[in-house]
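Architecture at a glance
The residues making up each chain are set out below.
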Amino acid sequence: MEDHAAGKKDPDGAYGTPQKYDPTFKGPIYDRGCTDIICCVLLVIAIVGYVVVGVVAWTHGDPRKVIYPTDSRGQFCGQQGTPNENKPFLFYFDIVKCASPLVLLEFQCPTTQICVSKCPDRYLTYLSASSGYTPSDLEYYRQFCVPEFKDLQKAAIEVLKDKECPAMLIPSTPLARRCLPAIQAKKGVIMVGNETTYDDGHGRRRNVTELLEGAKKANLVLEARQLAMKIFEDYTVSWYWIIIGLVIAMVASFIFIVLLRFLAGIMVWVMIVMVILVLGYGIFHCYMEYAKLKGEAGSDISLKDLGFQTDLRVYLHLRQTWLAFMIILCVVEVVIILLLIFLRKRILIAIALIKEASRAVGHIMMSLLFPLCTFFLLCLCIAYWASTAVFLSTSNEAIYKVFNETACQFSGQTCKPETFNTSNVTKLCPDAQCLFAFYGGETAYHKYLIILQFFNVFMFFWLANFVIALGQVTLAGAFASYYWAFKKPDDMPAFPLFSAFGRALRYHTGSLAFGSLILAIVQVIRVTLEYLDHRLKAADNKFAKFLLSCLKCCFWCLEKFIKFLNRNAYIMIAVYGTNFCTSARNAFFLLMRNIIRVAVLDKVTDFLFFLGKLLIVGSVGILAFFFFTQRIKLVQDTAPSLNYYWVPILTVIVGSYLIAHGFFSVYGMCVDTLFLCFLEDLERNDGSAEKPYFMSPDLKKLLKKTNKGQPDA
C-alpha cells in the first residue's frame with residue numbers, strides 16, 4: 001500500500017495518484033495517450049498552409065510601397081539602387097488640388113508628383129524665374145520639374161501647359177517624406193514663410209489659407225512628430241531609471257506572493273470587517289440625515305408626489321430618500337452577515353487554498369518566469385501575422401487612372417502611361433493626365449487577396465490562443481504534480497515545469513488545438529461584427545444597428561464563457577490526460593456541483609489580486625512620481641532633467657501593472673489548479689489506505705479529514 005499512498009511515477013518522471021480500487025479512475029499525469037489527434041492533424045495542415053501563404057506573400061509583396069512614397073510614375077522615392085536614391089521626398093506640383101492629408105497618404109492627389117532631394121524653401125513662380133532668367137533661380141527651379149525637362153529656353157507657357165514644371169514653389173516642410181506647406185500661426189494669423197498671400201504662378205495673388213485645403217492637418221502631425229522626438233529624448237535619459245522601477249515592481253510582486261502564505265487570512269478578514277464597518281457607517285449617516293430633516297419644510301413630501309426631477313440634489317432634501325437608503329443598506333448588511341455565518345467554512349477553505357498556492361509557487365519558482373516563454377511565442381505570432389499582412393497588402397500592382405481638372409467622361413478610368421499620350425483621352429480631355437493612383441490588380445491572385453488576409457487573421461487568433469493554452473496546460477501540469485505528491489515536496493519530479501511542457505506537446509497538442517480553434521472562431525466573428533458596426537455607423541438603419549449590438553453582446557458573453565470553460569478544461573487535461581470535450585464536460589459539472597465554493601474562491605482571489613496590483617502599481621507609481629519630479633531630496637540631483645516627467649512615470653506604472661499581472665496570472669492558475677484537484681480529491685478519495693487524501697494537512701484539519709492508518713505528510 002505504500003506505493004499507492006506515495007504515488008507512482010510515469011515514464012515522464014511526473015507523479016500521479018495511484019491505481020485505486022475504483023477502476024474508472026485514471027490518476028493525474030498517469031497512463032496517458034494522445035488526445036484529439038484529428039485536431040492536431042488539422043493544426044499541422046493549417047500551419048503548413050499558413051507558411052505557404054507567407055511564402056507567396058513574401059514572393060509577390062513589396063514593403064517598399066509602405067515605406068517609400070511613390071511618384072506619379074509608380075517609382076519609389078529614396079530607394080537605394082534607383083535613380084531616386086538621393087531624392088527621398090515627394091513633391092506635389094499643386095498642393096491646393098489635394099483635398100486632405102489622407103488623400104496624400106493614399107497617393108490619389110490629382111496633380112503631378114515627383115521625387116526631390118529637398119523641399120522648396122522659398123516663394124518662387126516659374127514665370128518670374130524664367131522671365132528674369134537668373135541662372136541661379138532657374139537652376140534651383142529645375143530640380144522641382146520632371147526629370148525629362150532639360151530645355152531651359154522653352155517658353156514658360158509651353159512648359160506649364162505640358163506640366164513639366166510646377167507653376168509655383170511654396171516654402172515646405174518634409175512630413176512623412178512628403179513636402180507639405182510650412183503653415184504656421186503668428187498671433188492668430190495663418191502664414192507660410194512669413195507671408196499671408198502667395199503668387200499662384202498665373203499672375204494672381206491668393207491667400208495662404210487656401211493651402212489649408214490641401215494640408216490642413218499638416219501642422220498637427222508636425223507637432224505630433226516634435227512631441228514624439230521629445231518623448232524619445234526623455235526615454236534616452238531615463239531608461240535605466242525606468243528599468244530600476246520595473247525591477248522594484250518585480251521584487252514587490254514576488255514578495256507579495258510569498259507573504260500571501262502568511263497574510264492571506266488576515267487580508268481577507270480585514271477586508272470583510274472593513275466592508276461591514278463601512279456599511280454600518282452608511283446606515284448611521286442615513287439615520288442622522290433622516291433625523292436632521294425632521295420638521296423642515298417640504299422634507300415630508302413623498303417621492304411619488306415629487307415625481308422625476310433632473311436635479312438629483314432635490315431628492316437629498318427628502319426624509320423618504322434617506323429612509324430608503326437606510327433600509328437598502330440595512331438589508332445589504334444583514335445579507336452579508338448571514339452569508340458570513342453560513343459561508344465562513346468555505347471562506348476558510350478559500351484562504352487555505354490561497355496559502356497552499358503560495359507554497360506551490362515557492363516549490364516551483366521557475367513558474368514565475370514561464371510567462372516570458374508565452375510572451376516570446378506570442379511575439380513570434382504577432383510578428384509573423386504583421387509581416388504577412390504587410391506583404392499581402394503590398395502584393396498589388398501599380399494602377400494608373402485618368403485625373404483631370406475639368407469634367408471628363410474618362411475621369412477615374414484606368415490607363416497606361418506608355419500609350420496615354422497617343423490615346424483618344426488626350427484629344428477629348430486636353431487637361432487629363434495618367435497618374436499613379438494606388439496598388440491593385442485583376443489577376444486571380446489579386447482577387448483572392450482578401451481571402452488570404454482573412455485566413456491570416458484567423459490563423460493569428462488560432463495560434464495565439466494555442467500558445468496561451470499551452471502555457472496554461474504547462475502551469476496546470478506542474479502545479480498538479482505538486483498537489484498529487486503525497487509527501488510534498490519530496491515526491492515531486494525534479495523538473496515539474498519542463499515535464500509538464502513536454503507532456504502537453506507530446507500528448508495533448510490536438511486538445512489544445514481544439515480548444516483554441518473554438519475560441520478563435522468566436523473571436524473572428526467578433527472582429528467581423530466590429531467591422532460591420534464600423535461600416536454601418538453612417539447608416540440610418542436603426543434595426544440593423546440594434547441587431548448588430550445584440551450580436552456583439554452575445555458573442556462577447558460567449559467568448560468570456562469559452563475562455564472560462566477552456567481554462568478549466570486545460571487543467572483537467574493536464575491532470576487526467578483526457579480529450580478536450582471530456583475534460584470540458586468533467587470540469588464544468590465538477591464546478592457546478594461546487595458552485596458556492598467556486599463563487600467564494602473566485603471573489604476572494606479577485607480581491608487579493610486587486611489589492612496586490614493596487615499596492616504594487618500604486619507604490620511604485622508614487623515612488624516614480626516623487627523621483628522624476630525631483631521631490632526626494634536625497635536623490636534630487638540624480639534625477640534626470642526631462643521635457644515631460646509623465647513619460648517615464650506612465651511607463652513605470654504600465655510596466656509595473658504588466659509585471660504584476662504576469663506574476664498573478666501564474667498564481668491564479670495555481671489556485672485554480674489546486675482547487676480542481678482539491679474537489680477531485682474530496683470526491684474520489686475517502687482517507688482509507690487504498691484511497692488516501694492528497695490535500696495538505698491544513699485543509700484536512702479544516703475539513704476534519706484524516707488518512708486512516710497513515711501519517712499525514
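For the structure itself, consult the block above.
This write-up is about the structure you can find in this document. Owing to the predicted nature of the structure, the values given are computational and were not obtained by experimental measurement.

**Observations regarding the nonpolar core**
Among the nonpolar cores identified, the biggest contains 110 residues, and Trp462, Leu608, Tyr667 and Phe678 are the most heavily contacted of them. Beyond its immediate stretch of four places on either side in the chain, Phe678 contacts Ile349, Leu353, Tyr483, Arg597, Met695, Leu699 and Leu703. By size, the runner-up hydrophobic cluster in this structure holds 22 residues, among which are Phe91, Val116, Cys165 and Ala167.

**Things to note about the packing of aromatic side chains**
What characterises a pair of aromatic rings is the spacing of the ring centres plus the angle enclosed by the ring planes. If you walk through the whole model with that rule in mind, you get 29 aromatic pairs. Between Trp58 and Tyr384, the aromatic rings sit 5.7 Å apart at their centres with planes inclined by 75°, giving edge-to-face as the arrangement. With Trp58 in helix H2 (residues 37-60) and Tyr384 in helix H12 (residues 370-393), the pair connects residues that are 326 residues apart, well separated along the chain. For Trp58, a relative accessible area of 38% corresponds to the partly exposed category. Chaining the aromatic ring pairs together yields one cluster made of Tyr50, Trp58, Tyr384, Phe391 and Phe455. Against the face of Tyr140 rests Arg122, its NZ or CZ located 3.8 Å from the ring centre.

**Topic: the packing of H2 against helix H16 (residues 449-483)**
Their axes nearest at 11 Å, the elements H2 and H16 cross at an angle of 135°. Judged by the inter-axis angle, H2 sits oblique to H16. Remark: the crossing between H2 and H16 carries left-handed chirality. Contact with H2, carried on its side by Leu42, Leu43, Ala46, Ile47, Gly49, Tyr50 and Val53, involves Leu452, Phe455, Asn456, Met459, Phe460, Trp462, Leu463 and Phe466 of H16 and no other residues of that element.

**Overview of the state of the cysteines**
Considering all chains together, one arrives at three disulfides under this definition. Paired through a disulfide, Cys77 and Cys115 show a sulfur-sulfur distance of 1.9 Å. The disulfide joining Cys77 to Cys115 has a torsion of about -75° about its S-S bond and is therefore left-handed. With a gap of 38 residues between them, Cys77 in the loop between helix H3 (64-67) and strand E3 (89-92) and Cys115 in strand E4 (residues 113-116) connect regions that are remote in the sequence. By the burial criterion, Cys77 is buried, and Cys115 matches it. Here Cys145 engages in a disulfide with Cys165; their sulfurs sit 1.9 Å apart. Torsion about the S-S bond of the Cys145 and Cys165 cystine: about 110°, corresponding to right-handed handedness. With Cys145 in the loop between helix H6 (135-142) and helix H7 (156-161) and Cys165 in the loop between H7 and strand E6 (168-169), this residue pair connects regions lying 20 residues apart in the sequence. Summary of cysteine pairing: Cys379 is not part of a disulfide, and the nearest cysteine sulfur, belonging to Cys381, is at 9.3 Å. We classify Cys379 as partly exposed; its relative accessible area is 33%.

**As for the environment of Tyr315**
Looking at where Tyr315 falls in the secondary structure, it is placed in the loop between helix H10 (303-306) and helix H11 (319-363). As for Tyr315 and Ser302, which are separated by 13 residues in sequence, their C-alpha atoms are 9.8 Å apart.

**Description of the pattern of salt bridges**
Under the definition given, this model contains twelve salt bridges. Across the pair Lys563 and Glu559 runs a salt bridge, and its minimum N-O distance is 3.4 Å. Placement of both Lys563 and Glu559 in helix H19 (residues 542-576) is noted, with a separation of four residues, approximately one turn of the helix. A salt bridge links Arg567 to Asp672; its shortest N-O distance comes to 2.7 Å. Of the two residues, Arg567 is situated in helix H19 and Asp672 in helix H22 (residues 646-684); the sequence distance between them amounts to 105 residues. Here the residues in one salt-bridge network are Arg526, Glu559 and Lys563, joined through shared partners.

Each value, and the rule that gives it
- Residues numbered from 1 in each chain as written.
- Predicted model: local features only at pLDDT ≥ 70, side-chain atom pairs only at ≥ 80, totals over all residues.
- Heavy atoms only, no water.
- Core = buried A, V, L, I, M, F, W, Y, C linked by side-chain atoms within 4.5 Å.
- Buried < 20%, exposed > 50% of the residue type's maximum accessible area, 1.4 Å probe, protein only.
- Contact = heavy atoms within 4.5 Å.
- Phe/Tyr/Trp six-rings, centres within 6.5 Å; stacked < 30°, edge-to-face > 60°.
- Helix = DSSP H or I, 4+ residues; strand = E, 2+ residues; numbered from the N terminus.
- Lys NZ or Arg CZ within 6 Å of the ring centre and 35° of its normal.
- Axes fitted to C-alpha atoms, helices over the stretch in contact; angles between N-to-C directions.
- Parallel < 35°, antiparallel > 145°, perpendicular 65-115°, else oblique.
- Left-handed = near helix turned anticlockwise from the far one by under 90°.
- Disulfide = S-S within 2.5 Å.
- Salt bridge = Lys/Arg side-chain N within 4 Å of Asp/Glu carboxyl O.

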